[in-house]
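Coordinates in review
One letter stands for each residue in the lines below.
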Amino acid sequence: QVQLVESGGGLVQAGGSLRLSCAASGRTFSSYCMGWFRQPPGKEREFVAAISWSGGRTEYADSVKGRFTISRDNAKNTVYLQMNSLKPEDTAVYYCAARSLGMSRRFYEYQYWGQGTQVTVSS
């Protein structure tokens, strides 16, 4: 089992920045690929970013490429999502997720999920 706890969400003006953190406990964190997903109000959950177990490979949704950066610190069992140049359409509940196999953009392929953290971007 892997337990995930997100933090760092909040209210920010358009153009601002936030850094989300996801702290993991349980089994060996470094053996899991990690992903960030988000669910805007009234919409389905969507892929944001993913990172390999070593941190050497990353993937991003086109909507956030160049603005968001995913990273991880295996010594701290934590994955991060640095979000810059935020837009109102980035407003959503953000979730981190863990997958024991390779990286994926499909939310249903992740085994473990955090409870989510709200990000609200005002215009």
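Everything here concerns the structure above.
We now turn to the structure provided with this report. Here the structure is a predicted model, which means the values were calculated and not measured.

Cut-offs used in this document
Residues numbered from 1 in each chain as written. Predicted model: local features only at pLDDT ≥ 70, side-chain atom pairs only at ≥ 80, totals over all residues. Heavy atoms only, no water. Helix = DSSP H or I, 4+ residues; strand = E, 2+ residues; numbered from the N terminus. Rg over C-alpha atoms; globule rule 2.2 N^0.38 Å. Buried < 20%, exposed > 50% of the residue type's maximum accessible area, 1.4 Å probe, protein only. Contact = heavy atoms within 4.5 Å. Lys, Arg positive; Asp, Glu negative; His and termini not counted. Charge placed at Lys NZ, Arg CZ, Asp CG, Glu CD. Phe/Tyr/Trp six-rings, centres within 6.5 Å; stacked < 30°, edge-to-face > 60°. Pairing = 2+ DSSP bridges. Axes fitted to C-alpha atoms, helices over the stretch in contact; angles between N-to-C directions. Salt bridge = Lys/Arg side-chain N within 4 Å of Asp/Glu carboxyl O. Disulfide = S-S within 2.5 Å.

Attention now moves to the overall build of the chain. Each helix and strand in the chain was counted, giving zero helices and eleven strands. For the chain, the C-alpha radius of gyration of 13 Å lies close to 14 Å, the compact-globule estimate for 123 residues. The dimensions of the chain, computed from C-alpha atoms along their principal axes, are 40 × 25 × 25 Å. Looking at the chain residue by residue over its 123 residues, the buried ones come to 46%. For the chain, long-range pairs separated by at least 24 residues make up 59% of all intrachain contacts whose partners lie at least 6 apart in sequence. Here the chain contributes 14 positively and 9 negatively charged side chains, and the mean placements of these two sets differ by 4 Å.

This brings us to the packing of aromatic side chains. Applying the stated rule across the entire model yields seven aromatic pairs. Ring centres of Phe 37 and Trp 113 lie 5.2 Å apart, and the angle between their planes is 55 degrees; this geometry places the pair in the tilted category. Pair noted here: Phe 37 is in strand E4 (residues 33-39) and Trp 113 is in strand E10 (residues 112-113), with a separation of 76 residues, a long-range link. Following the ring pairs from residue to residue traces out a cluster consisting of Phe 37, Phe 47, Tyr 95, Tyr 110 and Trp 113.

In this section: the sheet that holds strand E7 (residues 68-73). Whenever strands of a sheet pair, they do so through backbone hydrogen bonds, lying parallel or antiparallel. One open sheet accounts for four strands, arranged E1-E3-E8-E7; its pairing is antiparallel. This sheet does not close on itself; its edge strands, each paired only once, are strand E1 (2-7) and E7. Each adjacent strand pair in this sheet contributes to an overall mean axis angle of 15 degrees, direction not counted.

Inspection of the entire model under this criterion finds eight salt bridges. Ionic pairing is found between Asp 90 and Arg 38, a salt bridge with its closest N-O pair at 2.9 Å. With Asp 90 in the loop between strand E8 (78-83) and strand E9 (92-99) and Arg 38 in strand E4, this residue pair connects regions lying 52 residues apart in the sequence. An identical accessibility class is assigned to Asp 90 and Arg 38; each is buried. What you see here is one network of salt bridges that share partners, running through Arg 38, Glu 46, Arg 67 and Asp 90.

Turning next to the pairing of strand E3 (residues 18-26). Bridge count between E1 and E3: six bridges; the pairing is antiparallel. Directly across from Glu 6, in E3, lies its bridge partner Cys 22. As defined by bridge partners, E3 adjoins E8 across six bridges and the pair is classed as antiparallel. Its bridge partner lying in E8, Leu 18 is registered against Met 83.

What follows is about the state of the cysteines. Enumeration according to the criterion identifies one disulfide in this entry. Disulfide pairing places Cys 22 opposite Cys 96 at an S-S distance of 1.9 Å. Disulfide Cys 22-Cys 96: torsion about the S-S bond near 45 degrees, hence right-handed. Residue Cys 22 is found in strand E3, and its partner Cys 96 is found in strand E9; the two are separated by 74 residues along the sequence.

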